[in-house]
Amino acid sequence: MVQTPDPAAVAALERFKAQRVTALYRLDLIDQGAVITYEDGTPVDMVSEKTRLQAQVADMDRRIARLERSVG
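Residues numbered from 1 in each chain as written. Predicted model: local features only at pLDDT ≥ 70, side-chain atom pairs only at ≥ 80, totals over all residues. Heavy atoms only, no water.

Topic: helix H1 (residues 7–31)
Along an α-helix, residues three or four apart share an orientation, since each turn contains 3.6 residues.
Line of reasoning, step 1. A rise of 1.5 Å per residue sets the reference length of H1, with its 25 residues, at 36 Å; its end C-alpha atoms lie 36 Å apart and thus fit the reference within 8%.
Line of reasoning, step 2. Those residues of H1 that sit buried are Leu13, Phe16, Ala23, Leu27 and Ile30.
Line of reasoning, step 3. Just beyond H1, the residue with positive phi is glycine 33, at close to 100°. (Helix = DSSP H or I, 4+ residues; strand = E, 2+ residues; numbered from the N terminus. Expected span 1.5 Å × (residues − 1). Buried < 20%, exposed > 50% of the residue type's maximum accessible area, 1.4 Å probe, protein only.)

Some thoughts on the pattern of salt bridges
Note that side chains of opposite charge can pair when their charged atoms are close.
Line of reasoning, step 1. Under the counting rule described, the total for this entry stands at seven salt bridges.
Line of reasoning, step 2. Across the pair glutamate 49 and arginine 52 runs a salt bridge, and its minimum N-O distance is 2.8 Å. One end of the pair, glutamate 49, and the other, arginine 52, are both in helix H2 (residues 46–71), three residues apart, so they sit about a helical turn from each other.
Line of reasoning, step 3. The exposure class of arginine 52 is partly exposed, given its relative accessible area of 41%. (Salt bridge = Lys/Arg side-chain N within 4 Å of Asp/Glu carboxyl O.)

Observations concerning the nonpolar core
Line of reasoning, step 1. By size, the foremost hydrophobic cluster in this structure holds seven residues: Ala23, Leu27, Ile30, Val44, Met46, Leu53 and Val57.
Line of reasoning, step 2. Counting residues per element, the ones that place at least two in this core are H1 and H2.
Line of reasoning, step 3. Ignoring sequence-local partners within four residues, the contact set of isoleucine 30 consists of Met46, Glu49, Lys50 and Leu53. (Core = buried A, V, L, I, M, F, W, Y, C linked by side-chain atoms within 4.5 Å. Contact = heavy atoms within 4.5 Å.)

Some details on the side chain of glutamate 49
Line of reasoning, step 1. Taking relative accessible area as the criterion, glutamate 49 reaches 15% and is therefore assigned buried.
Line of reasoning, step 2. Filtering out sequence-adjacent residues up to four positions away, glutamate 49 remains in contact with Ile30, Ile36 and Val44.

With respect to H2
Line of reasoning, step 1. With 26 residues, H2 ought to run about 38 Å at 1.5 Å a step, and its terminal C-alpha atoms sit 36 Å apart, in line with that.
Line of reasoning, step 2. Buried within H2 we find Met46, Glu49, Leu53, Val57, Met60, Ile64 and Val71.
Line of reasoning, step 3. For H2, the secondary structure elements touched by its buried residues are H1.
Line of reasoning, step 4. Among the residues of H2, the N-terminal cap falls to aspartate 45, whose side-chain oxygen and the backbone nitrogen of valine 47 are separated by 3.2 Å. (Polar contact = N/O pair within 3.5 Å; in protein donor to acceptor, adjacent residues only side chain to side chain.)

Encoded structure:
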């Protein structure tokens, strides 16, 4: 008997993949020289932000792979 994946789990996986795409887009903007500032005008440390996003994407890659195995 073939087990069909849980639609809610599949939807959650797709949303998580979309979040990963957003993080990759932000990394690309940083590579192009984008600068982010806080509401008070203080610039964000872009080197730290890039490092944070890279770690976030790596974590998402691991989690997505695990979720894809469980969803089937």
